[in-house]
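Here are the chains, one letter per residue:
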Amino acid sequence: MNLLNNIRKPFSYTFSNATLVLIAVNVLSFLVFAFTPLNERLFGLSVAGFIYNKLVWQPVTYLFVHSGFQHLFFNMLGLFFFGIAVEKAIGTKEFVLMYFVIGVCSGLFSVLVHFFYGKYLMSMGVYPTIYMIPTVGASGAIYGILFAYAAFFPRNKIFVWGLIPVSAPVLVIAYAVIEFFSQFSGSNVAHMTHLAGFGFAFLYILVRMGINPIKIWFGR
């Protein structure tokens, strides 16, 4: 119990607009990568980089690398709309910890899955090119923040395409189903990282904050 109490020890509440700082750092990083020789292979997260070349910074830096303007724009849009509300609800310190714990854990989970899938391919005599492909973007962390939004504001409505009102928990469940089946589509989008974001957000809120989102959503 002492360990659990220490894990759940709350921060003093402060609000410092960390969401806007994260957005600014992401935009700045995008510009740096666009106009300098720095590249995704060095700062994105890959099996080759993190496991074999010991680029230990990758589980953090991949969160600030985006593959294009559209990727950056929609991630930052989601972070803006959901991040500010969550940050105001739990305070800046808790929000920043949540963001990075979910983001880093989602990335590491993806790397481990890629690593073992690559081992399987090698056992079949196939070279695992997946080891070289970097995972990039803040999507895992932002999906986690969306999950947290649904946990803290379960009755709030989100207007899909600006027209269709959907409750936050229903939107999370719909996204989870879409991401699960999209994982098998063969696209380059890191759907597994998005799902991991939901999963680690659930664990963070349950373990760190003592809140069970499932009970909140379904009244059990």
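Residues numbered from 1 in each chain as written. Predicted model: local features only at pLDDT ≥ 70, side-chain atom pairs only at ≥ 80, totals over all residues. Heavy atoms only, no water.

1. Structural notes on the nonpolar core
Of all hydrophobic cores here, the largest spans 44 residues; its most connected members are Leu79, Val86, Phe95, Met98, Tyr99 and Phe152. Of all the elements in the fold, those that place two or more residues in this core are helix H2 (18–35), helix H6 (69–90), helix H7 (92–123), helix H8 (139–152), helix H9 (168–182) and helix H10 (191–209). For this core, the element with the most residues is H8, which contributes eleven residues. Those residues in contact with Phe95, other than ones at most four positions away along the chain, are Ala18, Thr19, Leu22, Leu79, Gly83, Val86, Glu87, Ile90 and Ile145. (Core = buried A, V, L, I, M, F, W, Y, C linked by side-chain atoms within 4.5 Å. Buried < 20%, exposed > 50% of the residue type's maximum accessible area, 1.4 Å probe, protein only. Helix = DSSP H or I, 4+ residues; strand = E, 2+ residues; numbered from the N terminus. Contact = heavy atoms within 4.5 Å.)

2. Notes on a nonpolar patch on the surface
A cluster of nonpolar residues, Leu20, Phe69, Phe73, Phe74, Leu77, Phe80 and Phe81, forms a patch on the protein surface that exposes about 720 Å² of accessible area. Per-element tally for the nonpolar patch: the top contributor is H6, with six residues. Structurally, Phe80 is set in helix H6. Judged by its relative accessible area of 38%, Phe80 falls in the partly exposed class. (Patch = residues over 30% accessible without salt bridge, like charges linked within 9 Å, V, L, I, M, F, W, Y side chains within 5 Å. Areas by Shrake-Rupley, 256 points an atom, 1.4 Å probe, with all protein chains shown as cover. Salt bridge = Lys/Arg side-chain N within 4 Å of Asp/Glu carboxyl O.)

3. Structural notes on the side chain of Arg208
Among the structural elements, Arg208 can be located in helix H10. Residue classification places Arg208 among the buried positions, given a relative accessible area of 11%. Of note is the side chain of Arg208, whose polar atom sits 2.8 Å from the side chain of Glu94. Not counting chain neighbours up to four residues away, the residues in contact with Arg208 comprise Asn6, Ile7, Arg8, Lys9, Pro10, Phe11, Glu94, Leu97 and Leu203. (Polar contact = N/O pair within 3.5 Å; in protein donor to acceptor, adjacent residues only side chain to side chain.)

4. Things to note about the packing of aromatic side chains
If you walk through the whole model with that rule in mind, you get 20 aromatic pairs. Connected via pairs of aromatic rings, a cluster forms that spans Tyr143, Phe147, Phe198, Phe202 and Trp217. (Phe/Tyr/Trp six-rings, centres within 6.5 Å; stacked < 30°, edge-to-face > 60°.)

5. Section: H8
Its 14 residues place the ends of H8 20 Å apart at the C-alpha level, agreeing with the 20 Å of an ideal helix rising 1.5 Å per residue. Of all the 14 residues making up H8, 14 are buried; the element is thus mostly covered by neighbouring parts of the structure. (Expected span 1.5 Å × (residues − 1).)

6. Some points on the pattern of salt bridges
Enumeration according to the criterion identifies one salt bridge in this entry. Residues Glu94 and Arg208 are paired through a salt bridge, measuring 2.8 Å at the closest nitrogen-oxygen approach. Residue Glu94 is found in helix H7, and its partner Arg208 is found in helix H10; the two are separated by 114 residues along the sequence.

7. Notes on unusual backbone geometry
Look at Asn17: it is not a glycine, yet its phi comes out positive at around 55°. Among the residues examined, Asn17 registers a relative accessible area of 31% and is labelled partly exposed. One non-glycine residue, Lys54, lies in the positive phi region at around 55°. Mapped onto the elements of the fold, Lys54 is located in the loop between helix H4 (47–52) and helix H5 (58–61).

8. Topic: the packing of H6 against H8
Contact geometry for H6 and H8: axes closest at 9 Å, N-to-C directions at 40°. The pairing of H6 with H8 is recorded here as oblique in orientation. The chirality of how H6 crosses H8 is left-handed. Touching His71, Asn75, Met76, Gly78, Leu79, Phe82, Gly83, Ala85, Val86 and Ile90 of H6 are Ser139, Ile142, Ile145, Leu146, Ala148, Tyr149 and Phe152, all from H8. Its residues placed into classes, the contact of H6 with H8 shows twelve nonpolar, five polar and no charged. (Axes fitted to C-alpha atoms, helices over the stretch in contact; angles between N-to-C directions. Parallel < 35°, antiparallel > 145°, perpendicular 65-115°, else oblique. Left-handed = near helix turned anticlockwise from the far one by under 90°. Nonpolar A, V, L, I, M, F, W, Y, C, P; charged D, E, K, R; others polar.)

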